[in-house]
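Coordinate analysis (summary)
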Amino acid sequence: MNAHAAAARAERSRPNHIGDHLREWRQRRHLSQLDLAGDAEISARHLSFVETGRASPSREMVLKLAERLEVPLRERNVLLVAAGFAPAFPQRSLDDPALKSARHAIDLVLRAHEPNPALAYDRHWNLVTANRMVAPLLEGLPPHLLGQPFNILRLAFHPEGLAPRTVNLAEWSAHLLERLHRQCEATADPELLKLYQELKSYRMPARSGPVPADNVAIPFKLRLGNDVLSFISTTMVFGTPVDITLQELALETFFPADDLTAERMRQIAAGL
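Now for a quick tour of the structure.

Conventions we followed
Here the residue numbers are simple positions, counted from 1 along each chain's written sequence. Only residues with pLDDT of at least 70 are given local features in this predicted model, and only at 80 or more are side-chain atom pairs given and counted; all residues enter the totals for whole chains, interfaces and linings. With hydrogens and water stripped out, all remaining heavy atoms of the structure feed into the side-chain values. Aromatic pairing here means that ring centres of Phe, Tyr or Trp (its six-membered ring) are within 6.5 Å. Orientation follows from the plane angle: under 30 degrees is stacked, over 60 is edge-to-face, and everything else is tilted. Each helix is a run of H or I in the DSSP string that is no shorter than four residues. Each strand is a run of E no shorter than two, and both are numbered from the N terminus. Exposure is judged per residue with a 1.4 Å probe applied to protein chains only, and the accessible area is read against the type maximum: over 50% gives exposed, under 20% gives buried, and values in between give partly exposed. Following DSSP output, two strands are said to pair if at least two bridges run between them. Axes here mean lines fitted to C-alpha atoms, for a helix over just the part in contact, with angles spanning 0 to 180 degrees between N-to-C directions. Throughout, a residue-residue contact means that at least one pair of heavy atoms, one from each residue, lies within 4.5 Å. By definition in this entry, angles of less than 35 degrees are roughly parallel, angles greater than 145 are roughly antiparallel, angles of 65 to 115 are roughly perpendicular, and the rest are oblique. By convention the crossing between two helices is left-handed if the near helix lies anticlockwise of the far one by an angle smaller than a right angle, and right-handed if it lies clockwise.

The next point concerns the packing of aromatic side chains. Applying the stated criterion across every chain, the model contains 4 aromatic pairs. Relative to Phe220, the ring of Trp172 has its centre 5.0 Å away and its plane inclined at 25°; by these criteria the two rings are stacked. Taken as a pair, Trp172 in helix H10 (residues 169–187) and Phe220 in strand E3 (residues 220–224) lie far apart in primary sequence, 48 residues in all. Each member of the pair, Trp172 together with Phe220, is buried. Ring geometry for Phe231 against Phe254: centres 6.2 Å apart, planes inclined by 80°, an arrangement best described as edge-to-face. Taken together, the residues Phe231 in strand E4 (residues 227–237) and Phe254 in strand E5 (residues 250–256) connect sequence positions 23 residues apart. Exposure remark for Phe231: the relative accessible area of 1% places this residue in the buried category.

Another point: the sheet that holds strand E1 (residues 118–121). Taken in spatial order, the 5 strands line up as E2-E1-E5-E4-E3 in an open sheet, and their pairing is antiparallel. Where the open sheet ends on each side, the last strands, each with one partner, are strand E2 (127–130) and E3. For this sheet, the mean inter-axis angle between neighbouring strands, taken without regard to orientation, is 30°. Here E4 pairs with E5 via 7 bridges, running antiparallel. Looking across to E5, one finds that Met236 is bridged to Leu251. In the packing of helix H7 (residues 100–112) onto the sheet, contacts are made with E1, E2, E4 and E5, and the angle to E2 comes to roughly 55°.

Where E1 meets E2, 3 bridges bridge the pair, whose relative direction is antiparallel. Looking at E2, one finds that Ala120 is bridged to Thr129. As consecutive antiparallel partners, E1 and E2 are separated by 5 residues, and within that stretch Trp125 has a phi angle of approximately 70°, a positive value.

It is the contact of helix H3 (residues 33–40) with helix H5 (residues 59–68), at a shortest axis distance of 9 Å, that shows an interaxial angle of 115°. Considered as vectors, H3 and H5 are oriented roughly perpendicular to each other. Judged by the twist between their axes, the crossing of H3 over H5 is right-handed. Listed contacts from H5 to Leu36, Asp39 and Ala40 of H3 are Lys64, Leu65 and Arg68.

The following block contains the structure:
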């Protein structure tokens, strides 16, 4: 994806007609009308009529096409409104009573992961919540980087943030940029595209070469005092969300990649 072109495209006025929306998402997924029509079990002729405005889809058809196109819930609401229907997917705060069980599950995962760091963030990589083990790793960072919104990627790339402390900065920053790039392609979110451009503007060292084939994951190596802590991260998302907030929430858990890191994290936890 040419990020500059994508950002410019996202800044332009969005289409108002349901057919224009569907065409954009179909092209973004690199599907022909015939492919999408087959997946959605409708005729290619009817899909063509919907895209050109010669036919109006039912609510059920909009939702079915959106599902086949893997459109995010937030954008499925946009499709429904463009087709003349009410939004179907709510967006509630995690403090909403309706999400009490989800919030409990998030807190349970974060606490259970101690003495290792774990955090949750939203679709723009802004911190939502974290367990006790994250704060000790951020000691000494300037307050302006830790205020709200607390952006995890900006903190990782900023020269006053974690970048100077990251031992394998070239590999780690490239890994994060690749993740963000895939997210931009999947969602076409204008804010993510802006964040991508911002992060690319930071001067990062170049990778010395490709990742060795025997590597199972790229570790995050952080200098803390006289130690270098090494973590492997995993990302969890809710499997079948029907709420926008939950679909856009990710939980990142960090596991020690060596014995030194495991022992150091146990020592930090004992002192909290």
